[in-house]
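# Descriptive structure summary
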Amino acid sequence: MKAAVLHEAGGIPRYEDFPDPVAGDGEVIIDVRAVSVENVDKAIAAGTHYASEKYSGQFPAIPAFDGIGALPDGTLVGFGNIRLPYGALAEKTVVPQGSYMPIPDGIDPAVVAVMASAVTAMSMKTAAGFVPGETVLVQGATGVAGRLAVKVARLLGAGRIVATGRDDDQLREVQAIGADTVINTAVSDEALAQAYLDARGDGYDVVLDYLWGRPSEILLRALVPRSFAFGKPTRVVQIGESAETVITLAGSSLRTSGVEIYGAAKGLNPRTMDEVYQQIVTWTRSGELTFDVEKVPLSDIEAAWQRTDLRGRRLVVVL
Ligand SMILES: NC(=O)c1ccc[n+]([C@@H]2O[C@H](COP(=O)([O-])OP(=O)(O)OC[C@H]3O[C@@H](n4cnc5c(N)ncnc54)[C@H](OP(=O)(O)O)[C@@H]3O)[C@@H](O)[C@H]2O)c1
């Protein structure tokens, strides 16, 4: 079969022949149809993600660990839990029986492959208990997940949406899809702290954080009251770390600011996951929630893997 083959950590996957997977006991072969290429896949392939050893400790290997494909009877499913070295970026892969679920009817498989990024935005409800009318700050709103978060916040009835990015042109696009106020983080630390304060209105109720690192460090410092006062609660949901993996957090940032920090997985269980997923499906089917995908054939993987021009569009390899 043809596959995107990675020969070393940090390398670029190449379109090559690779032996077909053979199903062992309790396994099933998947005919792959669509794979969303995300930062996590690149970080794993680069050897910089905590799951790198598990997913690409042996070479040659095929990157990406989930996608959309067809079972031997033709049923289209979302699959995961691939058996190495057979990642998802190939004509076929192999997974344990049951490591898949049918995809919703009437939605392009390439879009279904990207829906998980919209699910992250629903953590404003599941982790932070968002209620309509609240003010939401999206950190990293020019990215794929951040743009979806702005749209989801609007659909959930946010009162105000403040969105951050590093590029004015892209921030204008984010305003066009629903942000009320935008902040360019590519300014001095002092100017950024002031921008967070100027844009907060009555205060940020929920922060969806796809960045961590410098912007979040400055935000958390800026939220510390300048006098003895009870800070308004701000519920920060940690979802991604596009800027940096660590921050320096002063004790005062938690002691007096009213800030609470949660991981995006808080509040998730099979029931809430299903509710959240069904909500995303409903909005997608009705056209209220749209996904910007850049479809490429598997044969283009080497060039596509290195693209930096996507501006909020998700790269999806279609087969
Ligand atoms: N937990 C989950 O299930 C899940 C799902 C999806 C994503 N994520 C995580 O969420 C994060 C965003 O994912 P994505 O798919 O939206 O990525 P993306 O499309 O590449 O967007 C990345 C965002 O981060 C910004 N950014 C990158 N480096 C930065 C820096 N050094 N300083 C400030 N801003 C920076 C980008 O700004 P520019 O537009 O200016 O480049 C963009 O807004 C990633 O960490 C990803 O792993 C998590």
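If you're wondering where the values come from, they're calculated on a predicted model, not measured in any experiment. (Residues numbered from 1 in each chain as written. Predicted model: local features only at pLDDT ≥ 70, side-chain atom pairs only at ≥ 80, totals over all residues. Heavy atoms only, no water.)

## Digging into the UniProt feature "domain: Alcohol dehydrogenase-like C-terminal" (unreviewed entry) in the chain
Following the UniProt record, the feature "domain: Alcohol dehydrogenase-like C-terminal" (unreviewed entry) maps to residues 146–211 here. Summarising residues 146–211: 45% helix, 21% strand, and an end-to-end C-alpha distance of 10 Å. (UniProt positions renumbered as here; feature names shortened; annotations may be inferred. Helix = DSSP H or I, 4+ residues; strand = E, 2+ residues; numbered from the N terminus.)

## Thoughts on the sheet that holds strand E10 (residues 181–184)
Spatially, E10-E9-E8-E11-E12-E13 is the arrangement adopted by the 6 strands of the open sheet, whose pairing is parallel. The open sheet is flanked by E10 and strand E13 (259–263), the only strands paired with a single partner. Between one strand and the next, the sheet's axes are offset by a mean angle of 20°, whatever the strand orientation. The pairing of strand E12 (residues 234–238) with E13 spans 5 bridges and is parallel. For Val236, the partnering residue across the bridge sits in E13 and is Ile261. Across the sheet, helix H8 (residues 189–199) touches strand E8 (135–139), strand E9 (160–165) and E10, and the angle it forms with E10 is around 175°. (Pairing = 2+ DSSP bridges. Axes fitted to C-alpha atoms, helices over the stretch in contact; angles between N-to-C directions. Contact = heavy atoms within 4.5 Å.)

## Examining the site of the ligand
What surrounds the ligand is a group of 19 residues, the closest being Asn39, Thr142, Ala145, Arg166 and Arg314. Separating an oxygen atom of the ligand from a side-chain N or O atom of Thr142 is a distance of 2.7 Å. In the model, an oxygen atom of the ligand is placed 3.0 Å from a nitrogen or oxygen of the Glu241 main chain. The set of elements that each furnish at least two residues to the shell around the ligand consists of helix H4 (115–121) and helix H6 (144–155). Residues belonging to the shell around the ligand are distributed by class as follows: 6 nonpolar, 9 polar and 4 charged. Three or more residues apiece are contributed to the shell around the ligand by two domains, here domain 1 (2–114 + 293–318) and domain 2 (117–263). (Near = heavy atom within 4 Å. Polar contact = N/O pair within 3.5 Å; in protein donor to acceptor, adjacent residues only side chain to side chain. Nonpolar A, V, L, I, M, F, W, Y, C, P; charged D, E, K, R; others polar. Domains from an automatic or database assignment.)

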